[in-house]
Amino acid sequence: MLTRKHSIEGKQPFGQATELFETLDAEAAMKLALLAGDITLVLDDTGTILDTAYDPDYFADFEGWEGTNWIDTVTEESRLKVMEMLAASRRGETQHWRQVNHPTRHGDVPIRYVVLSVNEGEHRIAFGRDLRDSARMQQRLLQVQQSLERDYLRMRQLEARYRTLFEMSGEATMIIEAATLRVREANPAAHRLLGAKDNSLGGKKVLSLLAKDSRDAFQALAGAALASDNAAPIEIGLSHAKQRVIATASGFMQDRGRFILLRLARANDDSAESGSGERSPVLALVDAMPDAFVIADPEMNVVSANASFLELAHAASIDQLRGQPLANWLGRPGIDLELIEGQIDQHGSARNVSTVMRIGEDIEDEPVEISAVRSSGEEALYAFVIRPIGRRLRDLPPGSHDMPRSVEQLTDLVGRMSLKDIVRESTDLIERLCIEAALTYTSDNRASAAEILGLSRQSLYSKLHRHGLGNLTSDAD
């Protein structure tokens, strides 16, 4: 924004101007003009440019202006400003900075000018300051502001989503201040479990809600939750009833404060009840399945899993896995889960996808086969059935395309073919083996095979034809 400070109006003049500038020579005046602006134009009374001074590295498109009228070097909307500045200089009026735009091959260049009349009105000097750096800074500030607004909106949406989950959850959940053990928030399920009126638990001490013989155990649980991520659940009693509950706690930091997320479930509740209070037989059968079963949210984070998956992941309880990315254990990072998602999007399910179960750096990966489906709705869930196949692979006889046998065939060619021909032969062999492996891995889904090989589908078809692989007239995609 241009204000009074950008002009000479109201500024205190030099007290000894006559002594200082009376003997000012042409070279000193030129230097002052060069320093006053990034670009300086000398004009006659009609506005024709007589001379220019600027840095050609920054104003490469401004060459050859001498002899051109100033108004012809600016954009259409800037011409009125140029005429007003020239008219004001003829009348001897105080000048203010005005922005005009010069069209160039690389876009408009914004320059802020002020015009000074010299030589008793015979000539005018237009001092210009480049506004491109300021424009770039304003653009960056605008982008940062828009980014902050988008982040704020996402945070508001995320907060609303988790607030809805917190309020609608059937599991009794409370957020406890670690320093005072007072309830900061509690969902409706917690109020029902504790026999409290709606919105009445906030500010109360948790110890007052527990049976006296359970308070020491709860304080120990709170300390363990703040010190470790794997605090073991405990059974405690409630003060208002004789029933016992299982308390699970985990600590977290927020706004430089320490809090405890406390979840409560009835001691005889398996967290999956039917209308009669008994556990659903379907869920009991899923938990007893010999194959691993896991449910993941839309971001591929673990929601629930059966005992077989816990055994494969070497986890003691589902609490250690819940909320963690499934990619921490399943498949090659950035490949397998994306491949499975693609097959589900295309076919509605993924069947018998071969991959590995990663356990740890010191334990060998377990070969597995995966089948997966996705539920409908906005908050769709993924269900995975995972079957270990390591023993089956060990029992299989060696295939006809094992790599060692192919390498022996290549080394037998030494002495009978040139090195160049052997290299070309080995390249073709490796290419064929990789394509066969990709087709096997994707169950002959050529679109997915092309994706994991980093090829276009047309390139893959060309290579299939060259190596005589598959029936090109019937696409399995």
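S.K.: Is there a simple way to explain the confidence of the model for the protein chain in this structure?
M.R.: If pLDDT is low for a region, its predicted coordinates should not be looked at in detail. Confidence in the prediction of the protein chain, expressed as mean pLDDT, is 80, and 82% of residues score 70 or more. Confidence over residues 270–278 falls short of pLDDT 50; this stretch has six contacts with residues more than four positions distant or in other chains. Scored below 50 in pLDDT, residues 398–405 shows six contacts in the model against residues more than four places distant or in partner chains.

S.K.: Even after reading the chapter, I still don't get the sheet that holds strand S7 (residues 183–186), so can you show me in this structure?
M.R.: Neighbouring strands of a sheet are bound in pairs by backbone hydrogen bonds; such pairs are parallel or else antiparallel. Spatially, five strands are ordered S7-S6-S10-S9-S8 in an open sheet, and the strand pairing comes out antiparallel. Looking at which strands have only one partner, the edges of the open sheet turn out to be S7 and strand S8 (234–237). Averaged over all adjacent pairs, the angle separating strand axes in this sheet is 35°, with direction ignored. Pairing between strand S6 (residues 172–177) and S7: three bridges, direction antiparallel. Bridge pairing in S7 links Ile176 to Val183.

S.K.: Help me out: how do you make sense of the nonpolar core in this one?
M.R.: If you look at soluble globular proteins, the nonpolar side chains tend to sit buried side by side. Membership of the largest hydrophobic core comes to 30 residues, with the highest contact counts inside it found for Phe309, Leu321, Leu326, Ile340, Phe384 and Ile386. Counting residues per element, the ones that place at least two in this core are strand S11 (292–296), strand S12 (302–305), helix H8 (307–312), helix H9 (336–347), strand S13 (349–357), strand S14 (366–374) and strand S15 (382–388). The dominant element in this core, judged by the number of residues it contributes, is H9, at four residues. Apart from the residues within four sequence positions on either side, Leu326 is in contact with Val294, Ala296, Met300, Asn301, Val302, Phe309, Leu337 and Phe384. Among the nonpolar cores identified, the runner-up in size contains 29 residues, and Ile176, Val183, Leu201 and Val206 belong to it.

S.K.: What is the right way to look at the environment of Leu80 in this model?
M.R.: On the secondary structure map, Leu80 appears in helix H3 (residues 79–90). The class for Leu80 is exposed, based on a relative accessible area of 51%.

So, how was this worked out
Residues numbered from 1 in each chain as written. Predicted model: local features only at pLDDT ≥ 70, side-chain atom pairs only at ≥ 80, totals over all residues. Heavy atoms only, no water. pLDDT = per-residue confidence, 0-100. Contact = heavy atoms within 4.5 Å. Pairing = 2+ DSSP bridges. Helix = DSSP H or I, 4+ residues; strand = E, 2+ residues; numbered from the N terminus. Axes fitted to C-alpha atoms, helices over the stretch in contact; angles between N-to-C directions. Core = buried A, V, L, I, M, F, W, Y, C linked by side-chain atoms within 4.5 Å. Buried < 20%, exposed > 50% of the residue type's maximum accessible area, 1.4 Å probe, protein only.

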